[in-house]
Each structure stands twice: as structure tokens, then as C-alpha cells.
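# Fold and contact review
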Number of protein chains: 2
Amino acid sequence: LKPETSGQTLGSIAILGLGLIGGSVGLALRGRNTAGAVVGWDPSTANGRKALDRGAVDSLAGSAQEAVTRADLVLLSPPLPATIPLLEAICAALPTTATVTDVGSLKAAISTEADRILPGQFVGGHPMAGSETGGIESSRPDLFLRAPWLLTPTGQTLPEIVRKAELLAREVGARPRVCDPVEHDRIVATLSHLPHLLAYGLARTAADLVSDEWRDIAAGSFRDGTRVAASDPSLWNVVFRDNQEALLTSLDRFESWIASIRQAIGDRDDERLRDLLRSAHQAKASFAVSPTERNTTED
Amino acid sequence: LKPETSGQTLGSIAILGLGLIGGSVGLALRGRNTAGAVVGWDPSTANGRKALDRGAVDSLAGSAQEAVTRADLVLLSPPLPATIPLLEAICAALPTTATVTDVGSLKAAISTEADRILPGQFVGGHPMAGSETGGIESSRPDLFLRAPWLLTPTGQTLPEIVRKAELLAREVGARPRVCDPVEHDRIVATLSHLPHLLAYGLARTAADLVSDEWRDIAAGSFRDGTRVAASDPSLWNVVFRDNQEALLTSLDRFESWIASIRQAIGDRDDERLRDLLRSAHQAKASFAVSPTERNTTED
């Protein structure tokens, strides 16, 4: 990582929610010159202690309010549905100059609500990195290396708030990119939520059709195609529900492709089948990324 | 790998088709005591030369017939549709005691036809390992390490033929398992063909819905969910067509799961959504394999 030479600093940091993402941000900030003291808070005191033991935070606060009292930058990293309640809870305790950002998988609703609660000071964020195993135990300092970190300012968001959140993303090794909140939710419906949904469906289908005796012969295509079905189902439940419209649009498109290939297979229509697969193969190539340029972790 | 102590040997080996699988078998057999000379043949002389240069074979034959004249074990490893024509071509040149086996992704039709062409001496095989990038250039000696290698004898197959093919699988580091040919095709429809089909569909859907500008933000779930869409579409075309019945059955089951979750998302039915995802998550766990026990390669 290049040293930050702009003179901008992160200042004092509060991380609220010490799971995979919050913990990894804390670990990634260790020793960064621009970062001041990192105070952590988590509703689970056990999680808090683990984060302190791992060195993800410099100290623990007794409450979310206490954590943010002198913070220049507040990272909200609880489970998605706790984000807005947490913002409401800390609002009165926040310095008027603090930047507040979050890490939730959806941005449209959160951005609208945050603008109402804390006009100008909040910018939504979404690091495109993660793991199918969550929790502070899985946190690591290199989780965000070279990963995109989407920021979703609204018309209300102050420019210096966006700049500070961009600096945070860069300081943990990620690549900040600004995106409209509604467009964000549409894009991740296809690039993240649909893959998760298909992985769950493939796992369930295979368990229905393949007896115990043969489950251990599955090779790489099945393993990779179902990997994220190991993700916590109670997190994805919320994401699927709250991104209903965009996800159903993606699913429509996917199902219409499936209907085409089903027809071609049923008709043993070689030419059509070849065309469909060739076109899909080209589509895959259009997403090609160099393995040296990208993290191998999960969103 | 434990040394083979049963006294059985592979004898002289002919590998017909020097791509990823044939080449990797040759490389894996190097230095194994039970393996005699390995003669290779490929319709492409360039492939043959590459295989010789890599040390995957000890020598090259000028024709498939010439390669098998003195072979104790013949491995048919051409693209799937070339398997039976190749068996027909070598049949008259084969020693009457030779074992012939193949590596095709489908086993029912091949086993029936092979029984007609070469009664008793043929046993179908399917190593559950591979890569989305094929060709002799991708071959490697550890491709089959700890991978299942399915063998599909019929009522006609002689027991010593099966034993010899099992020895081949073990000698390259794989785990031989006997499976009925028709059941094999049903199992791989779900564990291999369906994941490939979904990967192609996800890649095509995403290219339709996500503009160029945002394609590089896709994280692990998309990358893994589409990895095998990089596979050669003209190979999968044949597999999907020829395994029509079993694949459509798997697809039926998958689509009925998709219909259920679509309904739950559309209804914002939290309870139903949670139940579906929890059940899928448990299904994934029933396929759990230890990363140290399994190869990370592709079928």
C-alpha cells in the first residue's frame, strides 16, 4: 500500500459491530499512520473481548453511545437489519463533524433512512469482500485487499464525508467506487444475491436427488457452485426479502435462459444448445479478472 | 501413496487422446513401479509432441492401432463423442487379454456399446477431477489425488478387468469406486451437469443485466458460481444433450425449488424464506468434505 500523502487523516475511529467485517477493518487499520485510536463496541461482550485479544480494536466502550462520543469516523458493521436502529441510537451522542458509514449489503433503504436521521454526515458503504464463515474469528487484515468498496452518497451527503469514507476504504487496502444507492442494489441483486440463491437451490436439489452413499463424489463444479450455501441463512433471508424487486428481476432473466436451454436439451437441438453455451461462455469471459489483481474472498 | 503390494501390475500402457486427462494420467504414472512403458497417441501430432516433451508418455505411436498392439491396459481419453469410434478402430488390433477403460463424463450408452464391440474386456471409468481449462498444457501429475474415480462394470465385464482399472485409479492417486452405469449418469446429472448449466446461465444473465462499468466489482460468490462457465462449451453441449433425461429431471427439481423461493420472496414471507434457506444450508452441510481430504480441482 502506498503511504497516504494527501494529509487527510481518519482520526479517532469507532467500530460498532465486531464481526467478520468490523474486525477485519480494525485489523487492517493497525499501524496505519492516518488512523487514530480505534474504539470498538459489540452487543456481545464475548465478541468484544475476542476483538480486543486479536488486536482488532485498541479499547472497548461500554455502549455504542460511549464509543462514538469523540469519534471522527464511525463504522456501523452490525448485521444488516441492526444498521438503522444503531444509527438512531448513537445519533444524539455523535460529534457534529463525524463521518458515519456502514457495510450493509443493501444501500437504497439505508441511505434514505440515514439521510432522515443524520442529514449529510452519513454515506453508505459496501465492501465487496467477505467469507461464507462469518464472525470475529474469521476476521483478517487482508480481507479487503484490492476488493471494490462501493460508496453510495445521496444528494444530501457532504463531499468531505465521502472523501473520508474513501480514505477508510483505501487505508484497509480496498478500492473505493461511488455508486448510486438504487443502482447498487440492482447490481448486487445479479452479482451477489442471485449467485447465493442459486447456490442454496443447487445444494437443496442435490440433497434431494443424491443418496448419502454418493454425496462424497461431488467435484469442483458442485463444490464451487454451492460454496456460499454455507453462509448464514438468517442473513440472506433478510437480503433476499429486502431486495425483492431487483432480485426477482434478475431471477426472471435467469429463468428465461433456463427455459431456453431446457427447450434446446428437450429438442436435442444441437445448434441452439451450442449457441446458448457459446454465448454464456463469452459472457463469462467478459467478467474475467486477473487472479493477481483480485482478492479471492467472498462478498 | 502407499506402494502397491498385491503383486498386480498395470503392464504396458497405451493412452489414446493426450489432453488434460490422458496427459495427467501419464504424468501421474511416471516412476510408478507397477506401470510399464507408456505409449501415447493423439490425432493431433502437436499434442502428441507436447505430451512427449512433458514426459506424459515414453513414446508416441503412429496410429491408435499401433499404440495398442502390445498393450496390457488401454486408456481411451479422447473427447466424449470420439470414445466409441476409437474403440471400434482399435478393436481388431487389441490383445485378447488387454483391459480397456475410458474417462468419459457419461457411462450408460458407452458401456452398452462397448459391451457389444468388446465383450468383457471394457470397463467404463470417470475420474471426478478436471479443470475448466483443458488440453495437454493443463495436465499435471497431481490432478487425481484423492479424487473419486468411478468405474461402471456391466454384467458382462470380467472381474480381472475391473481389478486392473481399479489399480490404474489407485496408481494415479485416485479412489476407485464401482457404480452402475445408469446410476452414474443420474448422479453426475445433479452433481456435475446441473452445476455447469447453472454457471453458464448465471454468467449469461449477469452479462445481460450488468453494464461493462460494473462487471469488475463481482466478488467471490459470482466468481465461484460462474467458474465452470469458462469450460469449453462444445464439450458440454454434447454432455447436456446425451444426458437429456437425467439432466431434465435434476433441472425439474431445481426449478421447483426456485419457484418456492420466488413465491416466498414475492410474498415477503419471512418464515417460509427462512425455512427454505435453512433447509438448503443443511443440505450443503451434508456434502461437507474436509479441504485436506479432497482435491480442489474440477470434474
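If you're wondering where the values come from, they're calculated on a predicted model, not measured in any experiment.

## Brief notes about the packing of helix α10 (residues 244-266) of chain A against helix α10 (residues 244-266) of chain B
The contact between α10 of chain A and α10 of chain B brings their axes to 11 Å, and the two run at 160°. Of the possible angle classes, the one that applies to α10 of chain A and α10 of chain B is roughly antiparallel. The interaxial crossing formed by α10 of chain A with α10 of chain B has left-handed handedness. Each of Gln244, Leu247, Leu248, Leu251, Asp252, Phe254, Glu255, Ile258, Arg262, Ile265 and Gly266 of chain A in α10 of chain A lies in contact with α10 of chain B, whose residues at this interface are Gln244, Leu247, Leu248, Leu251, Asp252, Phe254, Glu255, Ile258, Arg262, Ile265 and Gly266 of chain B. Here the contact of α10 of chain A with α10 of chain B is built from residues that sort into 12 nonpolar, four polar and six charged.

## Here we look at the sheet that holds strand β4 (residues 73-76) of chain A
Residues and elements named next belong to chain A. Strand order in this open sheet of eight strands is β3-β2-β1-β4-β5-β6-β7-β8, and the pairing throughout is mixed. For this open sheet the edge positions go to β3 (59-60) and β8 (175-178), each flanked by a neighbour on one side alone. Note that strand β1 (residues 11-16) and strand β2 (residues 35-41) share five bridges and pair parallel. Looking at the pairing, Ala14 lines up with Val39 of β2.

## Considering the packing of helix α11 (residues 270-285) of chain A against helix α7 (residues 181-209) of chain B
Interhelical geometry of α11 of chain A versus α7 of chain B gives an angle of 65° and a closest axis separation of 8 Å. With respect to α7 of chain B, the axis of α11 of chain A lies roughly perpendicular. Relative to α7 of chain B, α11 of chain A is oriented so that their crossing is left-handed. Contacts from Leu277, Ser279, Ala280, His281, Ala283 and Lys284 of chain A of α11 of chain A reach α7 of chain B at Tyr200, Ala203, Arg204 and Ala207 of chain B. For the contact of α11 of chain A with α7 of chain B, the residue count by class is six nonpolar, two polar and two charged.

## Focus on the sheet that holds strand β3 (residues 59-60) of chain B
Residue and element names in this part refer to chain B. Pairing is mixed in the open sheet, where eight strands are placed in the order β3-β2-β1-β4-β5-β6-β7-β8. Either end of the sheet is taken by a strand with one partner, and the two such strands are β3 and β8 (175-178). Pairing analysis gives two bridges linking strand β2 (residues 35-41) to β3, with the strands arranged parallel. Among the inter-strand pairings, Gly40 is bridged to a residue of β3, identified as Leu60.

## Describing the relation of the copies chain B and chain A
Each copy superposes on the other: chain B lies on chain A with an RMSD of 0.0 Å after a rotation of 180° and an axial shift of 0.0 Å. Such a combination of rotation and displacement between the chain copies is what one expects of a two-fold axis. Counting the interface residues of chain B, we find that 100% of their copies in chain A are interface residues as well, pointing to one common contact surface.

## A short note on helix α7 (residues 181-209) of chain A
Residues and elements named next belong to chain A. Between its first and last C-alpha, α7 extends 40 Å over 29 residues, near the 42 Å set by a 1.5 Å rise per residue. By the criterion of burial, α7 is predominantly enclosed, with 24 of the 29 residues buried. The N-cap of α7, judged by a side-chain oxygen 3.0 Å from the amide nitrogen of Val182 a few residues on, is Asp180.

## So, the interface of chain B and chain A
Contacts between the two partners involve 88 residues from chain B and, on the opposite side, 88 residues from chain A. Roughly 8600 Å² is buried in total at the junction of chain B and chain A, and carbon and sulfur atoms are behind 64% of that figure. Viewed at the interface, chain A and chain B are joined by 12 salt bridges. For Asp252 of chain A, the salt bridge is made with Arg262 of chain B, and the minimal N-O distance between the two is 2.7 Å. The tally of links between chain B and chain A comes to 34 residue pairs in polar contact (both at pLDDT 80 or more). Elements with a minimum of two residues in the side of chain B that touches chain A: β7 (148-152), β8, α7, α8 (220-226), α9 (233-242), α10 and α11 (270-285) of chain B. A per-element tally of the side of chain B that touches chain A places α7 of chain B first, with 20 residues. Of the residues assigned to the side of chain B that touches chain A, the class counts are 43 nonpolar, 20 polar and 25 charged.

Rules behind the numbers
Here, residues in each chain are numbered from 1, in the same order as that chain's written sequence. A letter from A marks each chain and a number from 1 marks each ligand, given out in the order of writing. Where totals are concerned, whole chains, interfaces and linings use all residues; where local detail is concerned, this predicted model gives features only for residues with pLDDT of at least 70, and gives and counts side-chain atom pairs only at 80 or more. No hydrogens and no water enter the side-chain calculation; it runs on all heavy atoms of the structure. Between N-to-C directions, angles span 0 to 180 degrees; the directions come from axes that are lines fitted to C-alpha atoms, helices contributing only their stretch in contact. Every helix listed is a DSSP run of H or I at least four residues long, and every strand listed is a run of E at least two residues long, numbered separately from the N terminus. Oblique is the label for any angle not covered by the other classes, which are roughly parallel (under 35 degrees), roughly antiparallel (over 145) and roughly perpendicular (65 to 115). By convention, the crossing between two helices is left-handed when the near helix turns anticlockwise from the far helix through less than a right angle, and right-handed when the turn is clockwise. Residues are treated as being in contact if the distance between any of their heavy atoms lies within 4.5 Å. Only Asp, Glu, Lys and Arg are considered charged in this grouping, and only Ala, Val, Leu, Ile, Met, Phe, Trp, Tyr, Cys and Pro are considered nonpolar; every other residue, Gly among them, is considered polar. For two strands to count as paired, DSSP must find a minimum of two bridges between them. Superposition of the copies was done by least squares, using only C-alpha atoms of residues whose pLDDT is at least 70 in both. In this analysis, the expected span of each helix is defined as 1.5 Å times one less than the number of residues it contains. Accessible area is worked out with a 1.4 Å probe on protein chains only. A residue is then buried under 20% of its type maximum, exposed over 50%, and partly exposed in between. Definition of a polar contact: a pair of N or O atoms within 3.5 Å, with one able to donate and the other able to accept a hydrogen when the atoms are protein atoms, and with sequence-neighbouring residues admitted only if both atoms are side-chain atoms. Computed with a 1.4 Å rolling probe, the buried area is the accessible surface lost when two parts are put together, summed over both parts. Any carboxyl oxygen of Asp or Glu within 4 Å of a side-chain nitrogen of Lys or Arg constitutes a salt bridge here.

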